[in-house]
Amino acid sequence: MIRTGTEGDARRIHRLITANLAEGHLLPRSLPDVAQHAERFVVVTVGGRIVGCAELAPLSPSVAEVRSLVVAEARRGQGVGRRMVNELRAHAVRRGFEQICAFTHEPAYFERLGFSVVPHVSIPEKIAKDCHQCALFGRCGQFAMVSDLALPSHDGPSINALRV
Ligand SMILES: CC(C)(COP(=O)(O)OP(=O)(O)OC[C@H]1O[C@@H](n2cnc3c(N)ncnc32)[C@H](O)[C@@H]1OP(=O)(O)O)[C@@H](O)C(=O)NCCC(=O)NCCS
(Lines give C-alpha, C1' and ligand atoms only; values in the text may rest on other atoms or scores of the structure.)
Protein backbone atom coordinates (compact mmCIF):
# COMPACT_ATOMS: atom_id res chain seq x y z
CA MET A 1 0.00 0.00 0.00
CA ILE A 2 1.26 3.48 -0.83
CA ARG A 3 0.06 6.55 1.02
CA THR A 4 1.03 10.02 2.17
CA GLY A 5 3.11 10.16 5.35
CA THR A 6 1.77 11.44 8.66
CA GLU A 7 3.45 12.82 11.76
CA GLY A 8 2.74 9.47 13.40
CA ASP A 9 4.99 7.81 10.79
CA ALA A 10 7.94 10.08 11.55
CA ARG A 11 9.76 7.76 13.92
CA ARG A 12 9.52 4.79 11.52
CA ILE A 13 10.51 6.89 8.49
CA HIS A 14 13.47 8.23 10.44
CA ARG A 15 14.44 4.69 11.46
CA LEU A 16 14.30 3.47 7.83
CA ILE A 17 16.50 6.34 6.60
CA THR A 18 18.96 5.93 9.47
CA ALA A 19 19.19 2.16 8.98
CA ASN A 20 20.30 2.67 5.38
CA LEU A 21 22.90 5.42 5.83
CA ALA A 22 25.87 3.05 5.74
CA GLU A 23 25.62 2.64 1.94
CA GLY A 24 26.55 6.33 1.72
CA HIS A 25 23.75 7.28 -0.66
CA LEU A 26 21.43 9.08 1.77
CA LEU A 27 21.81 12.23 3.80
CA PRO A 28 21.15 11.80 7.52
CA ARG A 29 17.88 13.36 8.73
CA SER A 30 17.01 14.32 12.27
CA LEU A 31 13.78 13.06 13.81
CA PRO A 32 12.40 16.61 14.31
CA ASP A 33 13.17 17.41 10.65
CA VAL A 34 11.35 14.27 9.47
CA ALA A 35 8.42 14.95 11.83
CA GLN A 36 8.09 18.52 10.57
CA HIS A 37 8.01 17.36 6.95
CA ALA A 38 6.25 14.00 7.38
CA GLU A 39 3.32 15.01 5.16
CA ARG A 40 5.66 15.65 2.25
CA PHE A 41 6.61 11.96 2.29
CA VAL A 42 5.02 9.00 0.60
CA VAL A 43 5.41 5.67 2.36
CA VAL A 44 4.92 2.12 1.18
CA THR A 45 3.68 -0.29 3.82
CA VAL A 46 3.54 -4.06 3.86
CA GLY A 47 1.55 -5.60 6.69
CA GLY A 48 1.63 -2.27 8.53
CA ARG A 49 5.44 -1.95 8.29
CA ILE A 50 6.97 0.98 6.40
CA VAL A 51 9.26 -0.57 3.77
CA GLY A 52 9.85 2.52 1.63
CA CYS A 53 9.76 6.28 1.88
CA ALA A 54 10.52 9.32 -0.23
CA GLU A 55 9.96 13.05 0.24
CA LEU A 56 8.95 15.76 -2.23
CA ALA A 57 10.57 18.97 -1.00
CA PRO A 58 9.72 22.23 -2.78
CA LEU A 59 12.79 24.22 -3.86
CA SER A 60 10.88 26.99 -5.66
CA PRO A 61 7.37 27.46 -7.09
CA SER A 62 8.44 25.49 -10.17
CA VAL A 63 10.93 22.88 -8.91
CA ALA A 64 10.59 20.21 -6.23
CA GLU A 65 13.24 17.76 -5.10
CA VAL A 66 12.87 14.03 -4.46
CA ARG A 67 14.78 13.41 -1.20
CA SER A 68 15.38 10.57 1.22
CA LEU A 69 14.27 7.90 -1.26
CA VAL A 70 14.91 4.55 0.36
CA VAL A 71 13.53 1.03 0.20
CA ALA A 72 14.21 -1.55 2.91
CA GLU A 73 16.87 -3.95 1.64
CA ALA A 74 14.56 -6.99 1.70
CA ARG A 75 12.02 -5.20 -0.53
CA ARG A 76 14.34 -3.87 -3.21
CA GLY A 77 13.97 -4.82 -6.86
CA GLN A 78 10.17 -5.11 -6.60
CA GLY A 79 9.24 -1.73 -8.05
CA VAL A 80 8.73 -0.02 -4.67
CA GLY A 81 11.13 2.83 -5.47
CA ARG A 82 9.57 3.38 -8.92
CA ARG A 83 6.10 3.46 -7.40
CA MET A 84 7.07 6.08 -4.86
CA VAL A 85 8.79 8.31 -7.41
CA ASN A 86 5.78 8.06 -9.73
CA GLU A 87 3.50 8.95 -6.81
CA LEU A 88 5.66 11.98 -5.97
CA ARG A 89 5.57 12.92 -9.64
CA ALA A 90 1.76 12.90 -9.50
CA HIS A 91 1.81 14.99 -6.28
CA ALA A 92 4.15 17.47 -7.97
CA VAL A 93 1.90 17.78 -11.04
CA ARG A 94 -1.12 18.44 -8.81
CA ARG A 95 0.79 21.15 -6.95
CA GLY A 96 1.77 22.90 -10.17
CA PHE A 97 5.51 22.16 -10.22
CA GLU A 98 7.14 22.06 -13.66
CA GLN A 99 10.11 19.87 -12.80
CA ILE A 100 11.23 17.40 -10.19
CA CYS A 101 14.89 16.92 -9.47
CA ALA A 102 17.14 14.62 -7.49
CA PHE A 103 20.74 14.87 -6.29
CA THR A 104 22.11 11.39 -6.21
CA HIS A 105 25.02 8.98 -6.35
CA GLU A 106 22.72 6.62 -8.30
CA PRO A 107 22.29 8.32 -11.73
CA ALA A 108 21.58 5.02 -13.51
CA TYR A 109 18.61 4.40 -11.24
CA PHE A 110 17.04 7.81 -11.78
CA GLU A 111 17.66 7.54 -15.53
CA ARG A 112 15.51 4.43 -15.54
CA LEU A 113 12.77 6.53 -13.97
CA GLY A 114 12.93 9.20 -16.69
CA PHE A 115 15.37 11.67 -15.16
CA SER A 116 18.29 13.17 -17.09
CA VAL A 117 21.65 14.35 -15.78
CA VAL A 118 22.04 18.15 -15.88
CA PRO A 119 24.75 20.54 -14.68
CA HIS A 120 24.24 21.47 -11.00
CA VAL A 121 24.06 25.15 -11.98
CA SER A 122 20.88 24.49 -13.94
CA ILE A 123 19.10 24.05 -10.58
CA PRO A 124 20.09 27.33 -8.90
CA GLU A 125 17.29 26.88 -6.34
CA LYS A 126 19.13 23.89 -4.86
CA ILE A 127 22.49 25.65 -4.85
CA ALA A 128 21.02 28.66 -3.03
CA LYS A 129 19.04 26.54 -0.55
CA ASP A 130 21.46 23.76 0.38
CA CYS A 131 24.72 23.57 -1.58
CA HIS A 132 26.23 26.91 -0.53
CA GLN A 133 26.02 25.90 3.12
CA CYS A 134 27.36 22.38 2.48
CA ALA A 135 30.91 21.46 3.49
CA LEU A 136 31.14 19.32 0.34
CA PHE A 137 30.02 22.09 -2.06
CA GLY A 138 31.64 21.50 -5.45
CA ARG A 139 33.03 18.07 -4.48
CA CYS A 140 30.06 16.05 -3.26
CA GLY A 141 30.18 13.63 -6.19
CA GLN A 142 26.41 13.73 -6.59
CA PHE A 143 24.70 13.97 -9.97
CA ALA A 144 22.00 16.59 -10.47
CA MET A 145 19.05 15.05 -12.33
CA VAL A 146 15.74 16.45 -13.52
CA SER A 147 12.49 15.15 -14.92
CA ASP A 148 10.12 17.50 -16.74
CA LEU A 149 6.57 17.02 -15.58
CA ALA A 150 5.17 17.88 -18.97
CA LEU A 151 6.52 14.51 -20.15
CA PRO A 152 4.45 11.41 -19.35
CA SER A 153 5.49 9.39 -16.30
CA HIS A 154 8.12 6.90 -17.22
CA ASP A 155 7.89 3.15 -16.85
CA GLY A 156 10.41 1.88 -19.35
CA PRO A 157 14.07 2.31 -20.23
CA SER A 158 16.02 5.58 -20.02
CA ILE A 159 14.36 8.53 -21.72
CA ASN A 160 17.77 9.38 -23.15
CA ALA A 161 17.82 5.98 -24.83
CA LEU A 162 14.41 6.69 -26.36
CA ARG A 163 15.68 9.92 -27.85
CA VAL A 164 18.65 8.30 -29.62
C1 LIG B 1 17.77 3.04 -5.07
C2 LIG B 1 16.55 2.33 -4.44
C3 LIG B 1 15.62 3.38 -3.85
C4 LIG B 1 15.85 1.52 -5.53
O5 LIG B 1 14.62 1.02 -5.01
P6 LIG B 1 13.94 -0.30 -5.62
O7 LIG B 1 12.57 -0.41 -5.07
O8 LIG B 1 14.85 -1.46 -5.44
O9 LIG B 1 13.89 0.08 -7.16
P10 LIG B 1 12.82 -0.46 -8.24
O11 LIG B 1 12.53 -1.90 -7.94
O12 LIG B 1 11.68 0.47 -8.27
O13 LIG B 1 13.67 -0.35 -9.57
C14 LIG B 1 13.21 0.27 -10.74
C15 LIG B 1 14.15 -0.08 -11.87
O16 LIG B 1 15.48 0.40 -11.56
C17 LIG B 1 16.42 -0.68 -11.55
N18 LIG B 1 17.39 -0.41 -10.48
C19 LIG B 1 17.22 -0.66 -9.16
N20 LIG B 1 18.31 -0.21 -8.48
C21 LIG B 1 19.15 0.31 -9.40
C22 LIG B 1 20.44 0.92 -9.33
N23 LIG B 1 21.08 1.09 -8.17
N24 LIG B 1 20.99 1.36 -10.49
C25 LIG B 1 20.36 1.20 -11.67
N26 LIG B 1 19.14 0.64 -11.81
C27 LIG B 1 18.55 0.19 -10.68
C28 LIG B 1 15.57 -1.92 -11.31
O29 LIG B 1 16.20 -3.06 -11.84
C30 LIG B 1 14.31 -1.57 -12.07
O31 LIG B 1 14.55 -1.77 -13.44
P32 LIG B 1 13.37 -2.00 -14.55
O33 LIG B 1 13.14 -0.65 -15.15
O34 LIG B 1 13.96 -2.98 -15.47
O35 LIG B 1 12.17 -2.52 -13.80
C36 LIG B 1 17.02 1.31 -3.34
O37 LIG B 1 18.02 0.49 -3.88
C38 LIG B 1 17.58 1.99 -2.09
O39 LIG B 1 16.84 2.26 -1.15
N40 LIG B 1 18.91 2.25 -2.08
C41 LIG B 1 19.55 2.89 -0.91
C42 LIG B 1 19.20 4.36 -0.83
C43 LIG B 1 19.46 5.08 -2.15
O44 LIG B 1 20.44 4.84 -2.85
N45 LIG B 1 18.55 6.02 -2.50
C46 LIG B 1 18.64 6.76 -3.75
C47 LIG B 1 19.49 7.93 -3.64
S48 LIG B 1 18.60 9.38 -3.16
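Residues numbered from 1 in each chain as written. Predicted model: local features only at pLDDT ≥ 70, side-chain atom pairs only at ≥ 80, totals over all residues.

Some details on the site of the ligand
Heads up, the condition is: Using a C-beta atom placed from the backbone for every residue, we mark a residue as near a molecule or strand if that atom lies within 6 Å of it. Strands here are runs of E lasting at least two residues and helices are runs of H or I lasting at least four, both read from the DSSP assignment and numbered beginning at the N terminus. For this classification, the nonpolar set comprises Ala, Val, Leu, Ile, Met, Phe, Trp, Tyr, Cys and Pro, the charged set comprises Asp, Glu, Lys and Arg, and every other residue, Gly included, is treated as polar.
Near the ligand lie 19 residues; those nearest to it are His25, Arg76, Gly81, Arg82 and Ala108. Looking at the shell around the ligand, the elements that each hand over two or more residues are strand 4 (63–71), helix 3 (80–94) and helix 4 (107–112). Taken together, the residues of the shell around the ligand break down into seven nonpolar, seven polar and five charged.

Details of the sheet that holds strand 2 (residues 41–46)
Stated formally: Two strands pair if DSSP finds at least two bridges between them. A fitted line through C-alpha atoms serves as each axis, taken over the contacting stretch for helices, and the angle formed by two N-to-C directions is quoted from 0 to 180°. Here contacts are defined at the residue level, using C-beta atoms placed from the backbone and a cut-off of 7 Å between them.
In spatial order, the strands read 1-2-3-4-5-7-6; together these seven strands make up an open sheet with mixed pairing. With one partner strand each, in any of the chains shown, strand 1 (2–4) and strand 6 (116–118) form the two edges of the open sheet. Taken pair by pair, the neighbouring strands of this sheet meet at an average axis angle of 30 degrees, ignoring direction. Relative to strand 7 (residues 143–148), strand 6 runs antiparallel, the two being bridged by three bridges. Residue Ser116 lies in a different strand from strand 7, and its bridge partner there is Val146. Sheet contacts for helix 1 (residues 10–19): strand 2, strand 3 (49–58) and strand 4; angle to strand 3, the most-contacted strand, approximately 90 degrees. The sheet strands contacting helix 3 are strand 1, strand 2, strand 3, strand 4 and strand 5 (99–104), and the helix crosses strand 3 at an angle near 35 degrees.

Details of helix 1
Note the cut-off: To assign burial, the other C-beta atoms lying within 10 Å of each residue's own C-beta are counted, with C-beta atoms placed from the backbone; 20 or more indicates buried, 12 or fewer indicates exposed, and intermediate counts indicate partly exposed. What the arc measures is the spread of directions leading from the helix axis to the C-beta atoms.
Within helix 1, the full set of buried residues consists of Ala10, Ile13, His14, Leu16 and Ile17. Along helix 1, the residues classed as buried sweep out an arc of 160 degrees about the axis, all on the same side. Buried positions along helix 1 lie against helix 2 (31–36), strand 2, strand 3 and strand 4.

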